[in-house]
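So you can see what is in the structure, the chains are spelled out below.
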Amino acid sequence: MSHFETDSIRIQSRTNEREHSSPIFLTSSFTFDSAEEARAMFADEIQGNIYSRYANPNSSDLIEKVCAAEGTQDGIATASGMAAMFGSLASLLQQGDHVLASRSLFGSTHQLLTRVFPKWGISSTYGDIFDYENWDKLVQPNTKMLFIETPSNPGLEIIDLEWAGKFAEAHNLILVVDNCFASPYLQQPAKWGAHIVTHSATKYIDGQGRVLGGLILGKKELIKEVQFFTRHTGPSISPFNAWILSKSMETLAVRMDRHCENALKVATYFEGNPELEAVKYPFLKSHPQHHLAVKQMKAGGGIITLTLKGGADRAKRFIDQLQMISVTANLGDSRSIITHPASTTHSKLSSEERAKVGIADGLIRLSVGLEHVDDIIKDVEQAISKSK
Ligand SMILES: *Cc1c(COP(=O)(O)O)cnc(C)c1O
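Model, not experiment: these values are computed from the prediction.

Chemist: Sorry if this is basic, but what is going on with the domain arrangement of the chain here?
Modeler: Often, the extent of an interface is quoted as the loss of accessible area on bringing the components together. Once the domains are mapped, the chain shows domain 1 (4-249) and domain 2 (253-386). The C-alpha centroid of domain 2 is placed 27 Å from the C-alpha centroid of domain 1. Contacts between the two partners involve 40 residues from domain 1, matched on the other side by 41 residues from domain 2. Where domain 1 abuts domain 2, roughly 3300 Å² becomes buried across the two surfaces, and 59% of that area is made up of carbon and sulfur atoms. The interface formed by domain 1 and domain 2 includes two salt bridges. We note a salt bridge from K295 to E162, for which the minimum N-O separation is 2.7 Å. At the junction of domain 1 with domain 2, the criterion picks out 19 residue pairs in polar contact (both at pLDDT 80 or more). Across the side of domain 1 that touches domain 2, the residue classes tally to 19 nonpolar, 14 polar and seven charged.

Chemist: When you look at a nonpolar patch on the surface in this model, what are you seeing that I'm missing?
Modeler: Together, I24, L26 and F240 make up an exposed nonpolar region whose accessible area comes to about 290 Å². With respect to the element layout, F240 can be found in helix 10 (residues 239-249). A relative accessible area of 38% means that F240 is categorised as partly exposed.

Chemist: Help me understand the pairing of strand 6 (residues 196-200) in this model?
Modeler: The side chains of a regular strand alternate between the sheet's two faces. In terms of residue burial, strand 6 counts as a mostly covered element, since five of its five residues are buried. Of the two faces of strand 6, the one holding I196, T198 and S200 and the one holding V197 and H199 are both buried throughout. Sheet analysis places strand 5 (residues 174-178) next to strand 6, joined by three bridges and oriented parallel. By the bridge assignment for strand 6, D178 is matched with T198. As judged from the five bridges shared by strand 6 and strand 7 (residues 214-218), these two strands associate in the antiparallel manner. For T198, the partnering residue across the bridge sits in strand 7 and is I216.

Chemist: Just to check I follow, could you spell out the sheet that holds strand 12 (residues 363-367) for this structure?
Modeler: Across a sheet, strands are paired by hydrogen bonds formed along the backbone, either parallel or antiparallel in direction. Taken in spatial order, the five strands line up as 8-9-12-11-10 in an open sheet, and their pairing is mixed. The open sheet is flanked by strand 8 (276-280) and strand 10 (326-327), the only strands paired with a single partner. Inspection of the sheet shows strand 10 paired to strand 11 (residues 337-339) by two bridges, in the parallel sense. For V327, the partnering residue across the bridge sits in strand 11 and is I338. Lying over the sheet, helix 13 (residues 311-321) contacts strand 9 (303-308), strand 10, strand 11 and strand 12, oriented at roughly 120 degrees with respect to strand 9.

Chemist: Is there a simple way to think about the side chain of S248 in this case?
Modeler: Checked against the element boundaries, S248 lands in helix 10. Among residues more than four places away in sequence, those in contact with S248 are I205, D206, Q208, R210 and R255.

Parameters and conventions
- Residues numbered from 1 in each chain as written.
- Predicted model: local features only at pLDDT ≥ 70, side-chain atom pairs only at ≥ 80, totals over all residues.
- Heavy atoms only, no water.
- Domains from an automatic or database assignment.
- Contact = heavy atoms within 4.5 Å.
- Buried area = accessible area lost by both parts, 1.4 Å probe.
- Salt bridge = Lys/Arg side-chain N within 4 Å of Asp/Glu carboxyl O.
- Polar contact = N/O pair within 3.5 Å; in protein donor to acceptor, adjacent residues only side chain to side chain.
- Nonpolar A, V, L, I, M, F, W, Y, C, P; charged D, E, K, R; others polar.
- Patch = residues over 30% accessible without salt bridge, like charges linked within 9 Å, V, L, I, M, F, W, Y side chains within 5 Å.
- Areas by Shrake-Rupley, 256 points an atom, 1.4 Å probe, with all protein chains shown as cover.
- Helix = DSSP H or I, 4+ residues; strand = E, 2+ residues; numbered from the N terminus.
- Buried < 20%, exposed > 50% of the residue type's maximum accessible area, 1.4 Å probe, protein only.
- Pairing = 2+ DSSP bridges.
- Axes fitted to C-alpha atoms, helices over the stretch in contact; angles between N-to-C directions.

As structure tokens, then:
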């Protein structure tokens, strides 16, 4: 098997019960046939399930599917996306190390780098994607990792993955890519040289707003280090959530196709609307990094941003006029979702920091769902008009 769609459906572990769909392995531990087998498993001489904090058939199914999709060798599933972000950083960095990161990052990842890791003597510097020439100057003797997110949340900035792969190689850095916005279906950073790929599986991989989950994927030798860390610190995913996410992988391709088709239609429809300062979507020709988006992504993804004229007040009035679209903090759901990042997900950043990552006060993030596209457009249009 090798096609994304086939692997995402057909990879699954089997018991002797001849089940067709995977069962849920709600068990905290697994039995050993003998004292000798227990010893050998703990010594890593033979492979097998020991304890669900380490691994479980449901998390193994999920990891195997997403590894097949990403073209990575091995991985770990975690209880949330942030557990994956934290685990990948904390396991591979030491006191005194420095991280170079793209400025436009998910809010909590930004908090990790600026508030959590400095407690352990790990520092970071942000680089701007608009001046790649300057990144060489940002590398310090103790820089160990390049951490990027593309497309970024919510600015939809696209970082050149080919550039990132080459830059990391030239400076001997571990390249970590948060691939949450694109999903494994649209973009595979490992192809461009990423050593570690992280996901919030809560978003498109679940796709129906039910469970939290995360993934850390990559080269075997690095994943071994991450595995040591996660085994002993315990951010394991529950078997039930891993089962949900593994089932969700079966429909990821068809869902993403429709998310992208709907998002492109919505973005195209509203581009040029006189009530909007800007409409941003990676597969619109007007997107500043459109050429990179088409180079490294299969389609533009399910997220668009609309910047309303009239700033934060207008954005809030707009949100309060929506009739169908949900107002909630999630994204990548079958239901369309609106978020006002400046007052919610990115409110911890100063307005100066927000401006640097392209989050205007009037910017709205629209996660375009799988409802009929005409109904999504209709709701946005009436809310624009009533919020004047
Ligand atoms: C949501 C998100 C995360 C965090 O994931 P959780 O599952 O909410 O912990 C990390 N990165 C990006 C880009 C996200 O959108």
